[in-house]
Every structure is written in C-alpha cells, then in structure tokens.
Amino acid sequence: MIQVMKIKDSFKETFKDVKNVLVVLAHPDDMEISCGGLIIRLIDNGVQVRLVATTNGGKGMKDKKGLKEEEYAKQRVAEQFKAGKVLGIEEVENFNLEIPDGELEASVENIGKIAFHIRQFKPDLVITHNPDNCIIEFFNRSTWVNHRDHRNTALITIDAVYPYSRDRGFFTSQFEKDKLEPHTVKKLLLTDSYTAASVKFFAIDNYLSKKKIALQQHLTAFDPSDADDYLQENKFENGYYEPLGFYEVY
Ligand SMILES: [Zn+2]
C-alpha cells in the first residue's frame, strides 16, 4: 500500500461536464484491468461510454502450445464483448478494430480509424494508454514493460484527438461518405501514468465485485483467480482506487 500519499477521489471534478467518454485501448482485456471500475461508475452516473480496442489480442497466449492465432483472437474478442456487457457498455458501443496483436503501427491510416470514432461519438473526454514510457513504474511497488501496442494505440489516439479530428483538412471522406463533422476533445485520461504529476484517483469501492466479474470473462487471457491480483493493485490506504493521468488538451 502507498504509505505517504493521501488519496482523494477526483471523480466529481473530472467528470462534472462530461457526457460522453471514448475509451481507446490496445487489447480485449485492457479496459477491465486499467479502468473497469471507473467505467462502471461512469455508466452508473449516466455517462455514455464507447470502447474501441485496436487489436484482437491473438498472440498473447504466453507459452501455451497448440493455440492458433486466428482462433485465439476470436475467443479474446468474444470475451471483450462479454466483459463489456458486465460493465454496462451497450453492444453497439463496443468495437474491436481487429488489427493483429503486436502489429499496430502509429500510422496516419490508423489515426484515421480513431478520428472516425471521435467524430462519430463526439466524446468530451478520451481515455487511452501512456504513449511515453517504455517502462511503467507502479508507484513504489513494481515496474513493467509498456506493450508496444499500448504505446502505439496511445500515439494514434492522442494524434487523433489533436489535430486530426478537429481540423476539417484531415480525412475529408469522413464528411462526404460518413456524414461526420469535425470534433474537439477537451480532456484526456491516460492509464499507466502513476508517476505523472497530474495523476488522479477514482474511487471504485462500490464497483469491485462487478469489476471482478468483468475481469473473469477473460478466460483465455488469464486465470479467473488472477482477478484478485488485479484488484490488489487498486488497493490503497483508504480504499480502492483506479489512478489515471489527467490532461486538458484544449
Ligand atoms: Zn494490453
């Protein structure tokens, strides 16, 4: 547990003018792990949430033998939709771009795929990964590698937020063919930003059991008993919180 930090819930101040939240993460299980409790809380408070997972997660089988990527990917995407349902995300607001696991490039083409969702869903706030750090420091507890798909998903999402969704010069076919309009996103929350000066904590005590059930939908990604380990990462001195870095972008 963190010894020195006094944790304060920042939910009200962060989301006071927020009606729509777009979540763009790399793999089918990333949302439940990083911000599943916050998503349940947002939906509970009447906020509309759309999830876009960029890759199909088809290679994350660790050293398990005998699994074909295509079949594994199918199962993982199916689990994304099951877990999303537990969190309360409407089926029509749950997307997977089906890019092969580990092969997501920070290309203009991929920025366009996220800009499409921003212009269509018109979020006030976007949640994505941390684009900067290859090694993530989890307070004073542990460190891990920031997956390449996570970094590239964050890059294309932040680029899509500014300036590609805002400016009419980008992806003009989205206006003609898809009947969309430019959209300006005002705020960003980044996962894996525990050392950021702008880190905010969102209390999830009331949503722990639902978060656990959502995590346990990812049967091919990890053992159901691992859900408790993930919840332990949310445990602080005065309750359970999900920490994310907060940035005003406009
Ligand atoms: Zn991931």
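Refer to the structure printed above.
These numbers come from a predicted model, not from an experiment. (Residues numbered from 1 in each chain as written. Predicted model: local features only at pLDDT ≥ 70, side-chain atom pairs only at ≥ 80, totals over all residues. Heavy atoms only, no water.)

J.: Any details on the packing of aromatic side chains? Residues and values, ideally.
T.: Per the counting criterion, the structure on display carries 16 aromatic pairs. The interplanar angle of 55° and the centroid separation of 5.5 Å between the aromatic rings of Phe15 and Phe202 together place this pair among those described as tilted. Taken together, the positions of Phe15 in helix 1 (residues 11-15) and Phe202 in strand 8 (residues 199-203) put the pair 187 residues apart, joining distant regions of the chain. Note on Phe236 and Tyr241: the rings are 6.3 Å apart at their centroids and 70° apart in plane angle, and the pair reads as edge-to-face. The exposure class of Phe236 is buried, given its relative accessible area of 2%. (Phe/Tyr/Trp six-rings, centres within 6.5 Å; stacked < 30°, edge-to-face > 60°. Helix = DSSP H or I, 4+ residues; strand = E, 2+ residues; numbered from the N terminus. Buried < 20%, exposed > 50% of the residue type's maximum accessible area, 1.4 Å probe, protein only.)

J.: Any details on the coordination of the zinc ion? Residues and values, ideally.
T.: Here the zinc ion is held by His27 (ND1), Asp30 (OD), Asp30 (OD) and His150 (NE2), and the distances to it run 2.0 to 2.6 Å. Here the zinc ion is ringed by four donor atoms whose angles at the metal span 54 to 132°, and the overall shape comes out irregular. Each donor residue of the zinc ion lies on one chain, and together they are spaced H-x2-D-x119-H. Of the two residues, Asp30 sits in helix 2 (residues 30-44) while His150 sits in helix 5 (residues 148-164), which places them 120 residues apart along the sequence. Each member of the pair, Asp30 as well as His150, is classed as buried. (Donors = N, O, S within 2.8 Å, 3.2 Å for Na, K, Ca; no water. Tetrahedral: all angles 85-135°; square planar, octahedral: opposite > 155°, others 65-115°.)

J.: If you had to explain the pairing of strand 1 (residues 20-25) to someone new, which residues and values would you point to?
T.: Within strand 1, six of the six residues are buried, which leaves it mostly tucked inside the rest of the structure. Read as a crossover between parallel neighbours, the route from strand 1 over helix 2 to strand 2 (residues 48-55) is right-handed. (Right-handed = clockwise from strand over helix to strand, strands pointing away.)

J.: Describe the nonpolar core, and please don't skip the residues or the numbers.
T.: One finds Phe15, Val21, Leu38, Ile39 and Ile127 to be the most contacted residues of the largest nonpolar core, which totals 27 residues. Elements that contribute at least two residues to this core include exactly helix 1, strand 1, helix 2, strand 2, helix 3 (69-87), strand 4 (125-128) and strand 10 (239-248). With six residues, the top contributor of residues to this core is helix 2. Ignoring any residue separated from it by four or fewer positions in sequence, one finds Ile39 in contact with Val23, Met31, Val49, Leu87, Ile89 and Ile127. In terms of nonpolar packing, the next biggest core, distinct from the first, is built from 17 residues, Ile118, Ile156, Ala160 and Leu188 among them. (Core = buried A, V, L, I, M, F, W, Y, C linked by side-chain atoms within 4.5 Å. Contact = heavy atoms within 4.5 Å.)

J.: Summarise the side chain of Glu93; cite the residues concerned and give the values.
T.: Mapped onto the elements, Glu93 comes out in the loop between helix 3 and strand 3 (94-99). On the basis of relative accessible area, Glu93 is assigned to the buried category, the value being 12%. Apart from residues lying up to four places away in sequence, Glu93 is in contact with Val49, Arg50, Leu51 and Phe121.

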